[in-house]
2 protein chains.
Amino acid sequence: MTRPVLTFWFEFASTYTHLAVQRAEALAEARGVALAWTPILLGPIFAAQGWTTSPFNQLPVKGANMWRDMERQAAKLGLPPVVRPEPFPQNSLLAARVATALPPEARPGFAREVFLAEFARGETISDPQVVSAALAACGLPAEETLARAADPETKAALRAATEAAQAAGVFGAPSFTTPDGELFWGNDRLEDALDWAVERA
Amino acid sequence: MTRPVLTFWFEFASTYTHLAVQRAEALAEARGVALAWTPILLGPIFAAQGWTTSPFNQLPVKGANMWRDMERQAAKLGLPPVVRPEPFPQNSLLAARVATALPPEARPGFAREVFLAEFARGETISDPQVVSAALAACGLPAEETLARAADPETKAALRAATEAAQAAGVFGAPSFTTPDGELFWGNDRLEDALDWAVERA
């Protein structure tokens, strides 16, 4: 018997993805679901939608509520208090390439470390030292992984993943897709997406 | 001892408000919270944000996912299958004025009826007959209420409520605000908002 699969499309600059990244593995484990952790870049997807920045920056009143909501949600989930990195959104290209270069089983741990650096400590995730520290915290070889992240194949794989996300209807992050074509958007739908994967497997 | 209060800002054209309207009273009751049902118009608020229609119409891929999500959420909550009214969004002015003209205790029942007409049967809520049927289903006097809905005082009260919502930071619906200044946005935050109202009362 194969385990149900759920594809987890994530973008390192996304606030609510932080909440999903910190919880996803434990929730999936409890339900016996295999999560396919797939880093993407929302930049090209937002650009195709005619956006030039985060929707939270486009609408300040919505952005202010998002940060307050993040604080409340983080407290509710037992996560560290939320820190807003400068600038927001962060440039996520390096982190996304590094995650792409990692073997799939190493991605959840790396992602958790990067998102904690970004939204619990306000660090700059485009800084190779911050990314190296995240790799080291997971016992992953920093120098070698950063080199692989710069390979043309890695860059092409990240572009392909972003295009696959777009083709699957992804318009924001986090998003979750099932083999039978359902798309669940947002940290608030993580449980529903996992349940769907189990019930329709 | 006074009951904790939560202000429930609702817009009759809003899809996710349907989900909140059908559940809110029972959830509030169970927690001992008094809900202040306050109809508003998002039109002026969206216009101030530079929008001319529903954000779900501005971005078709997001809109398509919203309708699918509504279907899934309605099924999960045991609500009737979701029907998309034409046009979407509906013109909600009449329903909002009628709700404003009603005494507060009559608003929840009327709102539930209107939202079922709109999103379970696809009826046109700007049609006085549809609104009259919703009033009649609640045992409310249709002709008299419609007449009161057209009074200048009712129109002014609805405008004032919309301005109060905007002043409270409301940028979408459903929204919930607490006396200590918290704003919770979305049907997904209804439980959190009620819990906050109870804990900080």
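In this text the structure is predicted, and so the values were computed from the model without any measurement.

Chemist: Honestly, the environment of B:F184 in this entry has me stumped. Any pointers?
Modeler: Considering the arrangement of structural elements, one finds B:F184 in strand β4 (residues 183–185). On the basis of relative accessibility, which here comes to 2%, the residue B:F184 falls in the buried class. As a C-alpha pair, B:F184 and B:V170 span 14 residues in sequence and 9.0 Å in three-dimensional space. Setting aside residues no more than four positions away along its own chain, B:F184 makes contact with A:R72, B:P174, B:S175, B:F176, B:T178, B:R189, B:D192, B:A193 and B:W196.

Chemist: Would you explain the interface of chain B and chain A in this entry?
Modeler: Where interface size is given, it is often the accessible area lost as the parts come together that is meant. Contacts between the two partners involve 22 residues from chain B, matched on the other side by 22 residues from chain A. In this assembly, chain B and chain A are joined by ten salt bridges. With a shortest N-O distance of 2.7 Å, B:R68 and A:E182 are connected by a salt bridge. Here chain B and chain A share 16 residue pairs in polar contact (both at pLDDT 80 or more) between them. Those elements that provide at least two residues to the side of chain B that touches chain A are α4 (60–77), β4 and α10 (190–199) of chain B. Per-element accounting of the side of chain B that touches chain A gives the leading share, eight residues, to α4(B).

Chemist: Even after reading the chapter, I still don't get the packing of helix α5 (residues 93–101) of chain A against helix α9 (residues 152–167) of chain A, so can you show me in this structure?
Modeler: Packed helices, taken two at a time, are described by the angle their axes make and the gap between the axes. All names here are of chain A. Between α5 and α9, the shortest axis-to-axis distance is 9 Å and the interhelical angle comes to 100°. Relative to α9, the element α5 lies roughly perpendicular. Note on element contacts: α9 touches α5 through T154, K155, A157 and L158, opposite L93, A96, R97, T100 and A101.

Chemist: Whenever I open this one, the pairing of strand β2 (residues 34–39) of chain B confuses me. Can you help?
Modeler: Each regular strand carries side chains that alternate between the two faces of the sheet. Residues and elements named next belong to chain B. As paired strands, strand β1 (residues 5–10) and β2 are joined by six bridges and run parallel to one another. Across the sheet, the residue bridging to W9 is T38, located in β2. A crossover connection joins β1 to the parallel β2 through helix α1 (residues 15–31); in handedness this β-α-β unit is right-handed.

What counts, and where the lines are drawn
Residues numbered from 1 in each chain as written. Chains lettered and ligands numbered in written order. Predicted model: local features only at pLDDT ≥ 70, side-chain atom pairs only at ≥ 80, totals over all residues. Heavy atoms only, no water. Helix = DSSP H or I, 4+ residues; strand = E, 2+ residues; numbered from the N terminus. Buried < 20%, exposed > 50% of the residue type's maximum accessible area, 1.4 Å probe, protein only. Contact = heavy atoms within 4.5 Å. Salt bridge = Lys/Arg side-chain N within 4 Å of Asp/Glu carboxyl O. Polar contact = N/O pair within 3.5 Å; in protein donor to acceptor, adjacent residues only side chain to side chain. Axes fitted to C-alpha atoms, helices over the stretch in contact; angles between N-to-C directions. Parallel < 35°, antiparallel > 145°, perpendicular 65-115°, else oblique. Pairing = 2+ DSSP bridges. Right-handed = clockwise from strand over helix to strand, strands pointing away.

Taken by themselves, the reported measurements are silent on function.
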